[in-house]
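Listed below are the residues making up each chain.
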Amino acid sequence: MKQIVAIDGPSGAGKSTLSRALARRLDYLHLDTGAMYRAVALAAIRAGVSLNDTEGLDKLCAEIEIKLREKPDGLVVLLNGEDVTELIRTPEISMASSAVSAVSEVRGHMVRLQRELGAQGGVIAEGRDVGTVVFPNTRAKFYLDASLSERARRRYEELREKRADNTLEQVRAEMEQRDKNDSARSDSPLMAAEDAIKVDTTYMTPEEVVEWIAERVKELEKG
Ligand code: DC
């Protein structure tokens, strides 16, 4: 039976690379919950809604439409029908998404949508609270982590490929700040579920992580 696979952990732990590869290999939807908070952040900035305006963000979330589409090249994120896949990957949106994701009203809207998308199973749900809050009853729970230096190095390399001019020190400082925000907020902080399998990816290649987790999901699919 197709599973709901929960992949949580801090930024740079390897969640996205793993989730993309797993979704492709198992023919599941990559339910990228972080992309949804990023789309909310972009919509808020465009609409001039302040990132701590609880009421404004609540109203905005009720009005916007976020869709995820699995395409051969990867996941496409649609905000009111517009492809915003690339636009939501800037450092500015990273920080803004961390801010809007601390607002309970925003989380309420997103968690509802995430549960709808995952209701039938067959999803690789990637985020911070998937195993603890969104799908607490799923058996396929993984928590990825790696050292801060390694996570910052990975994100720095990713940004360099996109020709961004951030220094490694900047990337590391922003990552540390974002981890603090995501772990310290009162509503659904970044946390490993008690029954999650913890995977330290510091010294693992992406392929090793995919192999290891795909095997476990296949076992669970057998029932
Ligand atoms: O995984 P990401 O970097 O794309 O996520 C962007 C932000 O969204 C991150 O700083 C924390 C937040 N987030 C969250 O609060 N809950 C989730 N399930 C996923 C992301």
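Our structure's up above, just so we're on the same page.
Conventions used here
Residues numbered from 1 in each chain as written. Predicted model: local features only at pLDDT ≥ 70, side-chain atom pairs only at ≥ 80, totals over all residues. Heavy atoms only, no water. Pairing = 2+ DSSP bridges. Helix = DSSP H or I, 4+ residues; strand = E, 2+ residues; numbered from the N terminus. Contact = heavy atoms within 4.5 Å. Axes fitted to C-alpha atoms, helices over the stretch in contact; angles between N-to-C directions. Buried < 20%, exposed > 50% of the residue type's maximum accessible area, 1.4 Å probe, protein only. Expected span 1.5 Å × (residues − 1). Patch = residues over 30% accessible without salt bridge, like charges linked within 9 Å, V, L, I, M, F, W, Y side chains within 5 Å. Areas by Shrake-Rupley, 256 points an atom, 1.4 Å probe, with all protein chains shown as cover. Salt bridge = Lys/Arg side-chain N within 4 Å of Asp/Glu carboxyl O. Lys, Arg positive; Asp, Glu negative; His and termini not counted. Charge placed at Lys NZ, Arg CZ, Asp CG, Glu CD. Arc of directions from axis to C-beta.

Caption draft 1: A look at the sheet that holds strand β5 (residues 82–83). Strands sit in the order β3-β4-β5 across an open sheet of 3 strands; the sheet is antiparallel. Looking at the sheet topology across the chains shown, the edges are occupied by β3 (66–71) and β5. For strand β4 (residues 74–79) and β5, the ladder comprises 2 bridges, and the chain directions are antiparallel. Each bridged residue has a counterpart across the sheet, and for Leu78 the counterpart in β5 is Asp83. Most of the contacts of helix α2 (residues 33–47) go to β4, to which it runs at about 35 degrees, and overall it touches β3, β4 and β5.

Caption draft 2: Region of interest: the pairing of strand β1 (residues 4–8). Across the 5 residues of β1, 5 count as buried, placing the element largely inside the fold. Both faces of β1 are covered, namely the face carrying Ile4, Ala6 and Asp8 and the face carrying Val5 and Ile7. Taken together, the 5 bridges between β1 and strand β6 (residues 123–127) define a ladder with parallel strand orientation. Each bridged residue has a counterpart across the sheet, and for Asp8 the counterpart in β6 is Gly127.

Caption draft 3: Representation of helix α5 (residues 104–118) in the model. With 15 residues, α5 should cover 21 Å at 1.5 Å per step; its first-to-last C-alpha distance of 21 Å lies within 8% of that length. For α5, the set of buried residues is Val106, Arg107, His109, Met110, Val111, Gln114 and Gly118.

Caption draft 4: Structural context of a negative patch on the surface. A cluster of acidic residues, Asp53, Glu55, Asp58 and Glu105, forms a negative patch at the surface. Locating Asp53 in the fold gives a position in the loop between α2 and α3 (54–63). Of the residues examined, Asp53 reaches a relative accessible area of 32% and is grouped as partly exposed.

Caption draft 5: Representation of the sheet that holds strand β2 (residues 29–32). An order of β2-β6-β1-β7-β8 is seen for the 5 strands of this open sheet, with the pairing classed as parallel. Of all the strands in the sheet, the pair left with one neighbour each is β2 and β8 (197–200). Averaged over neighbouring strand pairs, the angle between their axes works out to 20 degrees when direction is ignored. Sheet topology note: the strand β7 (residues 140–145)/β8 ladder contains 4 bridges and is parallel.

Caption draft 6: The arrangement of α3 in detail. Burial in α3 covers these residues: Gly56, Leu57, Leu60 and Cys61. Each buried residue of α3 sits inside an arc of 130 degrees when the element is viewed along its axis, so together they form one side. Along α3, the residues that are exposed and aim more than 90 degrees away from the buried face are Glu55, Lys59, Ala62 and Glu63. Turning to α3, the residues buried within the fold contact α2, α4 (91–100) and α5.

Caption draft 7: How the structure looks around the side chain of Arg178. Inspection of the secondary structure puts Arg178 in helix α8 (residues 168–184). There is no salt bridge for the buried Arg178, and the closest opposite charge comes from Asp182, which lies 4.6 Å off by N-O distance. The residues touching Arg178, leaving out its near neighbours within four places in the chain, are Ser11, Arg38, Ser94, Met95, Ser98, Arg128 and Arg155.

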